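Summary of the model geometry
Each chain, letter by letter, is given below.
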Amino acid sequence: MVFRFDSMARATFSLLTSLLCVAGEVLLLGLDYLGIVIVLMMTIEMAIMAVFMIMYMMNPAGLMPMTMMHNKKGAAVICVGAFVLLAVGIVLAPWPARRGRPPADVTKDLGMSLMGPQMLTMMTLGMALFAAIVSSVVLATRRGRYDRLGDDLRAKRADDPVRGGVGR
């Protein structure tokens, strides 16, 4: 659906939907930690991507017809060729037989193999980065949410100190 929408925001959120489906499959495989990490990372990444797409793209709302695909025939040939090559590789590959048994706590072993003993450091770093993102967004705006109406939130006309905006 990413290539079907005219709107960049809709394309971004359809990509998020597909990535959340992948995270659901990872969760169904019993890899809870990795599945939740995928959900958190992809949700935040796609939200940030949607903001930048809307800010910088020429047609963010999809008001003009557009296509995100170029050279459709060549892309289709490459896709079919890649699919056939991968399918043949899957069928013809000499898959090894399983040796040993799975560990008692798969999530802990996966975390240790990904990050080693630095798991607590990475979790703390993640929270620090999140706090930095939130604080930078808060500090980037000069005006608060009540600047247009002042102390009287029931005013009929906004006394906006910044020219432009709605109604001007």
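Residues numbered from 1 in each chain as written. Predicted model: local features only at pLDDT ≥ 70, side-chain atom pairs only at ≥ 80, totals over all residues. Heavy atoms only, no water.

Notes on the overall build of the protein chain
Looking only at helices and strands, the protein chain has five helices and zero strands in total. Along the chain direction, N to C, the helices and strands of the protein chain fall in the order α-α-α-α-α. For the protein chain, the residues scored as buried account for 13% of the 168 residues in total. Roughly 14000 Å² of accessible area belongs to the protein chain as shown, and the carbon and sulfur atoms make up 70% of that amount. (Helix = DSSP H or I, 4+ residues; strand = E, 2+ residues; numbered from the N terminus. Buried < 20%, exposed > 50% of the residue type's maximum accessible area, 1.4 Å probe, protein only. Areas by Shrake-Rupley, 256 points an atom, 1.4 Å probe, with all protein chains shown as cover.)

Observations regarding the side chain of Thr12
Considering the arrangement of structural elements, one finds Thr12 in helix α1 (residues 8-28). Residue class for Thr12 comes out buried when judged on its relative accessible area of 2%. Setting aside anything within four residues of it in sequence, one finds Thr12 in contact with Met46, Met49, Ala50 and Met53. (Contact = heavy atoms within 4.5 Å.)

What about the layout of surface pockets?
Counted as a void, the largest pocket has a volume near 730 Å³. Surrounding the largest pocket, 16 residues form its lining, Leu40, Met41, Met122, Gly126 and Met127 being those nearest its centre. Only α2 (32-56) and α5 (119-140) provide two or more residues apiece to the lining of the largest pocket. Examining the composition of the lining of the largest pocket, we find that nine residues originate from one element, α5, more than from any other. Tallied by class, the residues present in the lining of the largest pocket amount to 14 nonpolar, one polar and one charged. (1 Å grid on protein atoms, 1.4 Å probe; cavity = no way out; pocket = protein on both sides within 12 Å on 5 of 7 lines; lining within 4 Å. Points joined across faces, edges and corners; volume = space filled by probe spheres on them. Nonpolar A, V, L, I, M, F, W, Y, C, P; charged D, E, K, R; others polar.)

A few points about the side chain of Ser14
Within the element layout of this structure, Ser14 appears in helix α1. Apart from the residues lying within four places of it in its own chain, the contact partners of Ser14 are Met1, Val2 and Phe5.

Concerning the packing of α2 against helix α4 (residues 106-115)
At a minimum axis distance of 8 Å, the contact between α2 and α4 shows a crossing angle of 60°. The angle between the axes of α2 and α4 places the two elements in the oblique class. For the pair α2 and α4, contact is made by Asp32, Tyr33 and Leu34 and by Thr107, Leu110, Leu114 and Met115, respectively. Residue composition of the contact of α2 with α4, grouped by class: five nonpolar, one polar and one charged. (Axes fitted to C-alpha atoms, helices over the stretch in contact; angles between N-to-C directions. Parallel < 35°, antiparallel > 145°, perpendicular 65-115°, else oblique.)

Comments concerning a nonpolar patch on the surface
There is a patch of nonpolar side chains on the surface, built from Ile44, Ile48, Val51, Phe52, Met55, Tyr56, Met127, Phe130, Val134 and Val138 and spanning about 1000 Å² of accessible area. Sort the elements by how many residues they give to the nonpolar patch and α2 lands first, with six residues. Considering the arrangement of structural elements, one finds Ile44 in helix α2. (Patch = residues over 30% accessible without salt bridge, like charges linked within 9 Å, V, L, I, M, F, W, Y side chains within 5 Å. Salt bridge = Lys/Arg side-chain N within 4 Å of Asp/Glu carboxyl O.)

Re the confidence of the model for the protein chain
Chain-level pLDDT for the protein chain is 79 on average; 76% of the residues reach the 70-or-more range. The spread of mean pLDDT over the elements of the protein chain runs between α4, the lowest at 80, and helix α3 (residues 72-92), the highest at 94. (pLDDT = per-residue confidence, 0-100.)

Re the packing of α1 against α2
With their axes 9 Å apart at the nearest point, α1 and α2 run at an angle of 175° to one another. Classed by the angle they form, the pair α1 and α2 counts as roughly antiparallel. Split by residue class, the contact of α1 with α2 holds 20 nonpolar, three polar and one charged.

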